Amino acid sequence: MNKPANAALPAYAPSGKIAWTASFKILLFGIPGAALLGWLYALLLHYSPAALISVFGLMLFSVFTGVLCSMVLKAAHSRSRPFNAIAGGFLGFVMLWVHWALWIRMGFDQGPKLAGYFITSGPQGWVTMHIPFGQRPRELEPERFKVNWLALLWFVEAAILVWLPALIAKMQADDPYSETARAWAEDDINGELWWDGGMSSELRSRLEEEGVDFLCRLPRAVEIGTPVASQWWTAGVKGQKVESDPAARWVTISVIEQNRDENGKVKSTRTPVIANWNIDAAHYARLAEHLPRSTSNVAVAAD
């Protein structure tokens, strides 16, 4: 279930296993969902063609497609990074293909006929149809459009709509999972401890030397309150577990740098130290007791 990142701080790594229902759920839920997103994206660009809205819509619907795929893969208990990435890219392509078909249908006088040809023409037909569409502005204004810029924009659009969902879906596989209980870990403890050592490398060294005992000796940041200094640090602690599996306990540690600006507002910058550090149930219980679930951010406590 867990593969050691190093001898001192063993961290979770996905098993690479895929449930037999994964492909079925992608077909049953993923493809219809991606098609719906493609339809909405096409409507957005058709009725709001402004460049800013187009860029915003591109990023928004790329993320939506990735989140959709992640939800489907999580329900299917997929712990394989390669499979998740392929599934995310595939649903991104489905969303893109539906968007293109509807864009053609709504954007031209012979739209239904052209869209029908696009749907049935295959990859070669898709490319040959986009080239003349992109060349039309050059015919109207050759001095302004010296290159087939629409074709370039469509290539960038396609790359983002496929790559970003693949990346988001791949990240889903990194969430801790208990192979024994066949369940994803759930968020449990979350809070901050006072840390005056500054850099994250120093905190990691102390964790490698002393483990959870070191964290349990750090005071709770919420009990100290906000200092008068313009800069200070805390150690962010987030715990996840699977209740039915005593070995499924993970902690993510980060250094949070707090900076007060001229107006007295506190801004935080989080630097990861270790993600999903696997600790035993006894140490996890000690840390949970030391760091109550209700622990608030130190900056918030001062309000």
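Everything below is about the structure printed above this text.
Residues numbered from 1 in each chain as written. Predicted model: local features only at pLDDT ≥ 70, side-chain atom pairs only at ≥ 80, totals over all residues. Heavy atoms only, no water.

**Q** Could you give an account of the overall build of the protein, naming the residues involved and the relevant values?
**A** The secondary structure content of the protein amounts to 10 helices and 6 strands. A separation threshold of at least 6 residues defines the contact pool for the protein, and within that pool the share at least 24 residues apart is 72%. (Helix = DSSP H or I, 4+ residues; strand = E, 2+ residues; numbered from the N terminus. Contact = heavy atoms within 4.5 Å.)

**Q** Account for the nonpolar core, naming residues and giving values.
**A** Among the nonpolar cores identified, the biggest contains 25 residues, and Y41 and M95 are the most heavily contacted of them. Only α1 (22-47), α2 (51-75), α3 (81-107), α4 (111-140) and α5 (149-172) provide two or more residues apiece to this core. Considering every element that reaches this core, the biggest residue donor is α3, with 8 residues. Among all residues touching M95, those that are not within four sequence positions of it are A34, L37, G38, Y41, F61, T65 and L161. (Core = buried A, V, L, I, M, F, W, Y, C linked by side-chain atoms within 4.5 Å. Buried < 20%, exposed > 50% of the residue type's maximum accessible area, 1.4 Å probe, protein only.)

**Q** Before we move on, could you go through α1 and cite the residues and values that matter?
**A** Its 26 residues place the ends of α1 36 Å apart at the C-alpha level, agreeing with the 38 Å of an ideal helix rising 1.5 Å per residue. When the local axis directions of α1 are compared, the greatest deviation, roughly 35°, occurs at G30, which is followed within four positions by the proline P32. Within the span of α1, buried status applies to A22, I26, G30, G33, A34, L37, G38, Y41, A42 and L45. (Expected span 1.5 Å × (residues − 1). Bend = angle between axes of the 7 residues up to and from the residue.)

**Q** So, the packing of α2 against α3: which residues are in play, and what are the values?
**A** Here α2 crosses α3 at 135°, and the two axes come no closer than 9 Å. Considered as vectors, α2 and α3 are oriented oblique to each other. Crossing handedness for the pair α2 and α3: right-handed. Note on element contacts: α3 touches α2 through F83, N84, A87, G88, L91, G92 and M95, opposite F61, T65, C69 and L73. By residue class, the composition of the contact of α2 with α3 is 7 nonpolar, 4 polar and no charged. (Axes fitted to C-alpha atoms, helices over the stretch in contact; angles between N-to-C directions. Parallel < 35°, antiparallel > 145°, perpendicular 65-115°, else oblique. Left-handed = near helix turned anticlockwise from the far one by under 90°. Nonpolar A, V, L, I, M, F, W, Y, C, P; charged D, E, K, R; others polar.)

**Q** A description of α3 should follow, citing residues and the corresponding values.
**A** For α3, built from 27 residues, the straight-helix expectation of 39 Å at 1.5 Å per residue is met to within 8% by its first-to-last C-alpha distance of 38 Å. Taking the backbone nitrogen of F83 as reference, a side-chain oxygen 3.3 Å away marks S80 as the first, capping residue of α3. (Polar contact = N/O pair within 3.5 Å; in protein donor to acceptor, adjacent residues only side chain to side chain.)

**Q** Before we move on, could you go through the pairing of strand β5 (residues 249-260) and cite the residues and values that matter?
**A** For strand β4 (residues 231-241) and β5, the ladder comprises 11 bridges, and the chain directions are antiparallel. Within β5, the position partnered with Q231 by the bridge is N259. One ladder, built from 10 bridges, connects β5 with strand β6 (residues 266-278); its direction is antiparallel. Pairing of V255 across the sheet is with T271, part of β6. Where β5 folds back on β6, the antiparallel hairpin that results is connected by 5 residues, among which G264 adopts a positive phi of roughly 85°. (Pairing = 2+ DSSP bridges.)

**Q** Report on the packing of α1 against α3, specifying residues and quantitative values.
**A** Running from N to C, α1 and α3 point in directions that differ by 40°, and their axes come no closer than 7 Å. Taken as axis vectors, α1 and α3 run oblique relative to one another. Considering only the axes of α1 and α3, their crossing is right-handed. Residue composition of the contact of α1 with α3, by class: 21 nonpolar, 5 polar and no charged.

**Q** Give me the lowdown on the packing of aromatic side chains, citing residues and values where you can.
**A** Tallying each qualifying case throughout the model produces 5 aromatic pairs. Note on Y41 and F61: the rings are 5.5 Å apart at their centroids and 45° apart in plane angle, and the pair reads as tilted. Remark: F61 occurs in helix α2 and Y41 occurs in helix α1; sequence separation between them is 20 residues. Accessibility assignment for this pair places Y41 and F61 in one class, buried. With a centroid separation of 5.9 Å and 85° between ring planes, the pair formed by W195 and F214 is classed as edge-to-face. Of this pair, W195 sits in the loop between β3 (186-194) and α6 (200-210) while F214 sits in helix α7 (residues 212-217), and the two are 19 residues apart along the sequence. For the pair shown, W195 and F214 are each scored as buried. A network of ring pairs unites the aromatic residues Y41, F61 and F64 as a single cluster. Lying across the ring of Y284, R249 places its NZ or CZ 5.9 Å from the centre. (Phe/Tyr/Trp six-rings, centres within 6.5 Å; stacked < 30°, edge-to-face > 60°. Lys NZ or Arg CZ within 6 Å of the ring centre and 35° of its normal.)

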